[in-house]
Amino acid sequence: MTGPIRERLMVGGPTTVPPEVVAAGTLPVRDERTPAFAELIGRTTDRLRALFGTEHDVLTCTASTTGAQEGVIQNLFSPGDRILVAANGFFGERWAELGAAYRLDVVGVRSAWGDPLDLDRVAATLAADPSIRAALCVQVESSTGMINDVRGFAGAAGDRLCVVDAAASLGAVELRADDWGVDVLVGGSQKALMTPPGLAFTMVGPRAWAAAGRATLPRFYFDWARARTALVEAGRTPWTPAVGLFVQLDEALRLLAREGSDRVRERHAELGRVARAGCRGLGLKPMVGDEAMAAPTITAAWVPAPLSARVIVDRMVARQGIQLATGVGDQQDAVIRIGHCGHVDRFDVLATLDGLELVLHELGAVSVLGSAAAAALSAIPHSEERP
Ligand SMILES: *Cc1c(COP(=O)(O)O)cnc(C)c1O
């Protein structure tokens, strides 16, 4: 058997970077204290605003999204503040961990992994305790492949600050921060935005600025006020940014704008449908059973015993050149996760499903070949293919 000649990165992130964005990364390093950089950061900031659905501030820092999340805690809160974290997976818990690391008083409203957030319990908990200052959650929970109802969450958060991690959804999923009443959103460069890892974005609305003015936790590198001053007054960042990544981001955002945000969203929605249908065809049950709550950017599926997710993922790389992810936490060996986010089309997903079928066949879990493709192709609307 010949080995793979091409690598396919099919994890939640980092994701495949398109050739134009790779090329942008080969340009010489430039100084950021120039009119050209000011123009560039102005453009990327405007385009990010559109993706977040906001007219308010978007700040870009050199860090992965977790850095921006740490900045959220530092800028919004004071020692001992009480916050509500609604969690139904690994990344929801990250907000709780961050809050605990800064000695905040974290009230968890937890649902089982793969179950929706309990918005009634969020609203009731806030109503019963006026001292809770903010409600935090995740839009696409990449540990389970669920998309949480951010609009409903913002409604449940009511008069408290509403903070959402959109790392695994920004650019691929509808976000209307201002209309929905979301005060803070975070995201990163390495998922739907098709840029290498290293830049993170924070949207800050007016209520969040007011809270930041009163908050007293120590902050420096991720200080929002310094970032806004540098951006507004000088068209730069307060510290040396990853200049090359900004150039790549600018190119990636240009490509996304050229495709059009509606089409980008529709493409991701289809990728999700194809991936889930293909998994079902292979006997791998998606963790999120309700199609309306399944994420367009990543699919997590149960691996039936005695199969091991680790073995499947390892063989997928070795035999097919396709990188998938295992589950996280307790589900590490029982779940595989397929990312279909960013520079991905239906044929990448179809190839991934076929590769998965070959590996499952080799492991004796599939007897007749062809069920992944048959199920996956049925999720693509055929009428559009006919003349
Ligand atoms: C990828 C991801 C993050 C960010 O993780 P980093 O390792 O800091 O990039 C945060 N939240 C969610 C839901 C994610 O999928």
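Structure first, text after, so check above.
Residues numbered from 1 in each chain as written. Predicted model: local features only at pLDDT ≥ 70, side-chain atom pairs only at ≥ 80, totals over all residues. Heavy atoms only, no water.

Participant: Would you mind going over the state of the cysteines with me for this structure?
Facilitator: Where two cysteines share a covalent bond between their sulfur atoms, that bond is called a disulfide. Throughout the structure, instances matching the rule amount to 0 disulfides. In this structure Cys 162 is not part of a disulfide, and its nearest cysteine sulfur, from Cys 137, lies 6.2 Å away. In this model Cys 279 remains outside any disulfide bridge; the closest cysteine sulfur is found in Cys 341, 16 Å from its own. By relative accessible area, which is 0% here, Cys 279 ends up buried. (Disulfide = S-S within 2.5 Å. Buried < 20%, exposed > 50% of the residue type's maximum accessible area, 1.4 Å probe, protein only.)

Participant: How should I be thinking about the sheet that holds strand 13 (residues 325-326) in this particular structure?
Facilitator: Pairing between sheet strands relies on hydrogen bonds along the backbone, with the strands arranged either parallel or antiparallel. Ordered in space as 11-14-13, the 3 strands form an open sheet in which the pairing is antiparallel. With partners counted over all chains shown, the strands left at the sheet margins are strand 11 (298-302) and strand 13, one partner each. As paired elements, strand 11 and strand 14 (residues 335-339) share 5 bridges and run antiparallel to each other. When the sheet's bridge partners are listed, Ala 301 is paired in strand 14 with Ile 336. (Pairing = 2+ DSSP bridges. Helix = DSSP H or I, 4+ residues; strand = E, 2+ residues; numbered from the N terminus.)

Participant: What should I look at first to understand helix 12 (residues 309-320) in this one?
Facilitator: Residue pairs spaced three or four apart in an α-helix point in one direction, given the helix's 3.6 residues per turn. In this model, helix 12 (12 residues) spans 15 Å end to end at C-alpha, consistent with the 16 Å of a helix rising 1.5 Å per residue. By the burial criterion, the buried members of helix 12 are Ala 309, Ile 312, Val 313 and Met 316. The arc enclosing the buried residues of helix 12, seen along the axis, measures out at 100°, which places them on a common side. Elements in contact with the buried residues of helix 12: strand 12 (322-323), strand 13, strand 14 and helix 13 (346-362). One side-chain oxygen at the N-terminal end of helix 12 lies 3.2 Å from the backbone nitrogen of Arg 310; it belongs to Ser 308. Gly 321 lies just past helix 12 and shows a positive phi near 70°. (Expected span 1.5 Å × (residues − 1). Arc of directions from axis to C-beta. Contact = heavy atoms within 4.5 Å. Polar contact = N/O pair within 3.5 Å; in protein donor to acceptor, adjacent residues only side chain to side chain.)

Participant: In this structure, what is going on with the site of the ligand? I would like to understand it.
Facilitator: Residues in close proximity to the ligand total 14 residues, the closest being Ser 64, Thr 66, Ser 142, Asp 165 and Lys 191. Within the side chain of Arg 94, a nitrogen or oxygen atom sits 3.4 Å from an oxygen atom of the ligand. Contacts to the ligand include Lys 191, whose side-chain N or O atom sits 2.7 Å from an oxygen atom. Considered on its own, the ligand offers 380 Å² of accessible surface; in the complex 86% of this is hidden by protein. Of all the secondary-structure elements, those providing two or more residues to the shell around the ligand are helix 3 (65-76) and helix 4 (90-101). Counting residues per element, the shell around the ligand draws most heavily on helix 3, which supplies 3 residues. Of the residues belonging to the shell around the ligand, the class tally is 5 nonpolar, 6 polar and 3 charged. (Near = heavy atom within 4 Å. Areas by Shrake-Rupley, 256 points an atom, 1.4 Å probe, with all protein chains shown as cover. Nonpolar A, V, L, I, M, F, W, Y, C, P; charged D, E, K, R; others polar.)

Participant: Is there a simple way to explain the pattern of salt bridges in this structure?
Facilitator: For the coordinates displayed, the defined rule picks out 26 salt bridges. Asp 31 serves as the salt-bridge partner of Arg 33, at 3.1 Å between the closest nitrogen and oxygen. On the basis of relative accessible area, Asp 31 is assigned to the partly exposed category, the value being 37%. Here Asp 46 and Arg 49 are joined by a salt bridge, their closest N and O atoms 2.7 Å apart. Residue Asp 46 and its partner Arg 49 are located together in helix 2 (residues 35-52), separated by 3 residues, close to a single helical turn. Judged by its relative accessible area of 46%, Asp 46 falls in the partly exposed class. In this structure, a network of salt bridges that share partners links the residues Glu 39, Arg 43 and Asp 250. (Salt bridge = Lys/Arg side-chain N within 4 Å of Asp/Glu carboxyl O.)

It is worth stressing that arrangement in space is one thing and function is another; only the former is reported here.
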